[in-house]
Amino acid sequence: MICELFWWEPVPGGNLIHDMNCCWAPFLYLCLLVSQSRTAEASQETLHWMEKMEVAAKSRISTSSAELIHGLELRLLNASFGGHNLTLQTQIIQALAFKLNCNFSGLSLSSAALEKVPQGLSPAFPPVWALDSALIAARPQHAMQFPAELTRNACRTRSRDLRLICIYFSSTRFFQKDINSSLLNNYVLGAQLSHGYVSNLSEPVNISFWHNQSLEGYTVTCVFWKERASKHHWGAWSPEGCHTEQPTPSQVLCRCNHLTYFAVLMQLSQAPVPAELLAPLTYISLVGCSISIVASLLTVLLHLQARKQSDSVTRIHMNLHSSVLLLNITFLLSPVLATPPMPGAACVVLAATLHFALLSCLTWMAIEGFNLYLLLGRVYNVYIRRYVLKLCAVGWGVPAFLVLFLLAVKSSVYGPCKIQLSDSHGNSTGFKTTSICWVQSSWVHSVLVMGYGGLTSLFNLVVLAWALRVLNKLRAQEKAPGTRACRDTVTVLGLTVLLGTTWALAFFSFSVFLLPQLFLFTIFNSLYGFFLFLWFCSQRCRSEAEAEAEMEVFTSQMVQ
């Protein structure tokens, strides 16, 4: 039959058109069979690769997630199929490919519609870029809407057909896991356009996630998978270029200006700071820390001037002042070195120094409480050989050992740390970030920041309660209680509150306490060095007054 097609000659007087149809029909039928066979083979190859990905994910085979996902993307971009689109699905992966052209007017996809599509066939909603309302009568689990602008840049340089692929994962096995966060419904929705990376769209891609769970107590953020953003994985989640909205309690809407893999990150950490509070809190911190730096410098200089007259208590105060001075300086420099033009190594060093200064400050607070216990509890036996030197070994040595140990084991615990800020407008909630050089590891922050500070505050509160009890007994034993007992009570309250109590406000950053806590913590602890300066001045004036009183008594006795 095929040979006759090549050796066909027109018959005089015959029906030429009829003979051509009869001869070419089998050939066209054969070509159609071959085309369908190749389409089936391409679909089966892609489907086998998707099944391989599932097996690798379940059995934890060493094949990298990036290699598996990029392999699936390549097969979808090169797959041949009839019609406008192709749909393939396994247990946890759904892959779609669409043929587009420069007349693209937008595309909407819904999981409710895709569930009606047979394996390996095209979705039955005409046209391919318009959702039939009947198909989404039941609430879908997710949906993606692509703007007409999607193909504009690609069509400027290429006039041939384009291809859009979408890959949906109902599992997070191929992406980085974070113990402090999870993904809404465990969904990751991805999209990619052939012939170039799509970014900076003026009209965003809309990705909707529907759920039936309560998000109370969670911070919900639309994120995308940023490749090569992590040293220990093939990428990391980032909120850049995405805007988060919650039109209804059961829907999260992500508006992103690029194509990649998208998800909704749910975090149990503290609520994000409102963006409108960033400016006043920054101003308070800047002014307060600057005043504290000047006050701490004056205190240290005054101490150096009268160094011969200082005792162990004053030297302990000076060590605390030094740690507070270092803490304020490194804190003010932290946001500056976290900006991109600055080298990453400088931010790591500054973050480690800031952590060291905080730990030293907390340690010297505990040392102040311990010294207060010795002064009140061991009145007749307070001498310890090389007492201040041993306290310095603890106050500076322990924090230095902890920080150096962390740097030696895993230096990546320090670096630029992003603080999330929420920007709400009605039902729309956007998120932006500000960065400082600080601790990046969540467990280090929990143990060696919050845990360390919690123990220090608890210890000083116990010492305060005990000291008040002791002073109350002394006051009751005095025949003329009043002046001295009240003065001692004020002294202990002032010393202990300034050396630890205000730092306990860090544990009230939740619920209705968040906003008051932010301002109280910022005001009290940014002016911490200034309060210590006032305490130093009052103690110095008090000691000078006592010295003058003793001199007057001595002089009067000599005259008599």
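Described below are features of the structure shown in this document. Each chain carries its own residue numbering, running from 1 in the written order of its sequence. The predicted nature of this model means local features are confined to residues of pLDDT at least 70 and side-chain atom pairs, given and counted, to a pLDDT of 80 or more, with totals for whole chains, interfaces and linings taken over all residues. For side-chain calculations, the full set of non-hydrogen atoms in the structure is used, while hydrogens and water are omitted.

In terms of helices and strands, the protein carries 13 helices and 16 strands. Think of it in three bands: residues with accessible area under 20% of the maximum for their type are buried, residues over 50% are exposed, and the middle band is partly exposed, with areas taken using a 1.4 Å probe on protein chains only. Expressed as a percentage of its 560 residues, the buried residues of the protein come to 43%. Note on definitions: a residue-residue contact is assigned when non-hydrogen atoms from the two residues lie within 4.5 Å. For the protein, the proportion of contacts with a sequence separation of at least 24, taken over those separated by at least 6, is 74%. Method for areas: the Shrake-Rupley scheme with a 1.4 Å probe, in which residue coverage is limited to the protein chains shown. Total accessible area on the protein stands at roughly 30500 Å², and carbon and sulfur atoms take up 62% of it. Helix numbers and strand numbers start at the N terminus; a helix is a DSSP run of H or I with at least 4 residues, a strand a run of E with at least 2.

For the rest of this paragraph, the subject is the environment of L47. Position of L47 relative to the elements: it lies in helix α2 (residues 16-59). Sequence separation of L47 and L76 is 29 residues, and the distance between their C-alpha atoms is 10.0 Å.

For the rest of this paragraph, the subject is the state of the cysteines. Counting rule for disulfides: a pair of cysteine sulfur atoms within 2.5 Å. Counting across every chain of the model gives four disulfides. Here C102 is linked by a disulfide to C155, with a sulfur-sulfur distance of 2.2 Å. In this structure, the disulfide formed by C102 and C155 twists by about -105 degrees around the S-S bond and is classed as left-handed. Pair noted here: C102 is in the loop between β2 (93-100) and β3 (107-110) and C155 is in helix α5 (residues 152-157), with a separation of 53 residues, a long-range link. Between C222 and C254 runs a disulfide, and the two sulfur atoms are separated by 1.9 Å. Between C222 and C254 the sulfur-sulfur dihedral comes to about -80 degrees; the bridge is accordingly left-handed.

Below, the discussion takes up the environment of W503. Mapped onto the fold, W503 is located in the loop between α11 (483-498) and α12 (514-526). Here W503 falls in the buried class, since its relative accessible area comes to 12%. A sequence separation of 22 residues divides W503 from N525, and the C-alpha atoms of the two residues are 7.2 Å apart.

The next thing to look at is the packing of aromatic side chains. Paired rings are identified among Phe, Tyr and Trp, the last through its six-membered ring, by centres lying within 6.5 Å, and are further divided according to the angle between planes into stacked (under 30 degrees), edge-to-face (over 60) and tilted (the rest). The final tally for this structure, using the stated rule, is 14 aromatic pairs. A connected cluster of aromatic rings, assembled from ring pairs, spans F169, F174, F175, W225, W237 and Y261. Two conditions define a charge sitting above a ring: the NZ of Lys or the CZ of Arg must be within 6 Å of the ring centre, and it must be within 35 degrees of the ring normal. We note R75 situated over the ring of W49; from NZ or CZ to the ring centre the distance is 3.8 Å.

Now for a nonpolar patch on the surface. Excluding any residue in a salt bridge, patches collect residues exceeding 30% relative accessible area, merging like charges within 9 Å and nonpolar Val, Leu, Ile, Met, Phe, Trp and Tyr side chains within 5 Å. The term salt bridge refers to a pairing of a side-chain nitrogen on Lys or Arg with a carboxyl oxygen on Asp or Glu at a separation within 4 Å. On the surface, Y283, L286, V287 and I291 cluster together to form a nonpolar patch covering roughly 380 Å² of accessible area. Within the fold, L286 resides in helix α6 (residues 278-305).

Turning next to the nonpolar core. Nonpolar core, defined: a set of buried Ala, Val, Leu, Ile, Met, Phe, Trp, Tyr and Cys residues in which side-chain atoms within 4.5 Å join the residues together. L320, C361, Y414, W438 and Y528 are the most contacted members of the largest nonpolar core, which totals 39 residues. The set of elements that each furnish at least two residues to this core consists of α7 (312-337), α8 (344-377), α9 (387-409), β15 (414-425), β16 (428-439), α10 (442-477) and α13 (528-559). Here this core takes 15 residues from α8, the largest share from any one element. The residues contacting Y414, other than those within four sequence positions of it, are V348, A351, A352, H355, V403, L406, L407, W438, V439 and Q440. L100, Y187, L259 and F262 belong to the second-largest nonpolar core, a separate cluster that totals 36 residues.

Okay, the packing of α6 against α12 next. Look at α6 against α12: their axes get within 8 Å of each other, and the N-to-C directions meet at 20 degrees. As far as their axial angle goes, α12 and α6 are roughly parallel. As α6 runs across α12, the sense of the crossing is right-handed. Packed against α6, whose contacting residues are P280, L281, I284, S285, G288, C289 and S292, the element α12 presents L518, F519, T522, I523 and S526 at the interface. Think of it as three bins: nonpolar holds Ala, Val, Leu, Ile, Met, Phe, Trp, Tyr, Cys and Pro, charged holds Asp, Glu, Lys and Arg, and polar takes everything else, Gly as well. Of the residues contributing to the contact of α6 with α12, the split by class is seven nonpolar, five polar and no charged. Every angle, taken between N-to-C directions, lies between 0 and 180 degrees, and every axis is a line fitted to C-alpha atoms, over only the stretch in contact when it is a helix. For classification, angles of less than 35 degrees are called roughly parallel, those exceeding 145 degrees roughly antiparallel, those between 65 and 115 degrees roughly perpendicular, and all remaining angles oblique. Take the far helix as the reference: if the near one is turned anticlockwise from it by less than a right angle, the crossing is left-handed, and if turned clockwise, right-handed.

Within the fold, S208 resides in strand β8 (residues 205-210). A polar side-chain atom of S208 sits 3.2 Å from a polar atom in the side chain of Q251. Look past the residues within four positions of S208 in its chain and what remains in contact with it is Q141, H142, A143, Q251, V252 and L253. Within 3.5 Å is the distance limit for a polar contact, defined as a pair of N or O atoms, with the added protein rule that one can donate a hydrogen and the other accept it, and that residues adjacent in sequence qualify only through two side-chain atoms.

Glancing now at the pattern of salt bridges. Tallied over the entire structure, the rule returns three salt bridges. We note a salt bridge from K226 to E240, for which the minimum N-O separation is 3.6 Å. Pair noted here: K226 is in strand β9 (residues 219-227) and E240 is in the loop between β10 (235-238) and β11 (242-248), with a separation of 14 residues, a long-range link. Owing to a relative accessible area of 32%, K226 belongs among the partly exposed residues under this scheme. In this structure, R255 engages E245 in a salt bridge whose closest nitrogen and oxygen atoms are separated by 3.1 Å. Residue R255 is found in strand β12 (residues 251-256), and its partner E245 is found in strand β11; the two are separated by ten residues along the sequence. Note on R255: relative accessible area 31%, which makes it partly exposed. Of the residues examined, E245 reaches a relative accessible area of 15% and is grouped as buried.

In this section: the pairing of strand β4 (residues 142-146). With four of its five residues buried, β4 lies for the most part within the structure. Inspection of the sheet shows β3 paired to β4 by four bridges, in the antiparallel sense. When the bridges of β4 are listed, L107 appears paired with F146. Pairing between strands is defined by DSSP: at least two bridges between them are needed. Across four bridges, the pairing between β4 and β8 is antiparallel. Bridge pairing links M144 to I207 in β8.

Here the focus is helix α3 (residues 65-78). Helix length check: α3, at 14 residues, gives a terminal C-alpha distance of 20 Å against a target of 20 Å (1.5 Å per residue), a fit within 8%. Residues S65, A66, L68, I69, G71, L72, E73 and L76 constitute the buried set of α3. Expected span, for any helix, means 1.5 Å times one less than how many residues it has.

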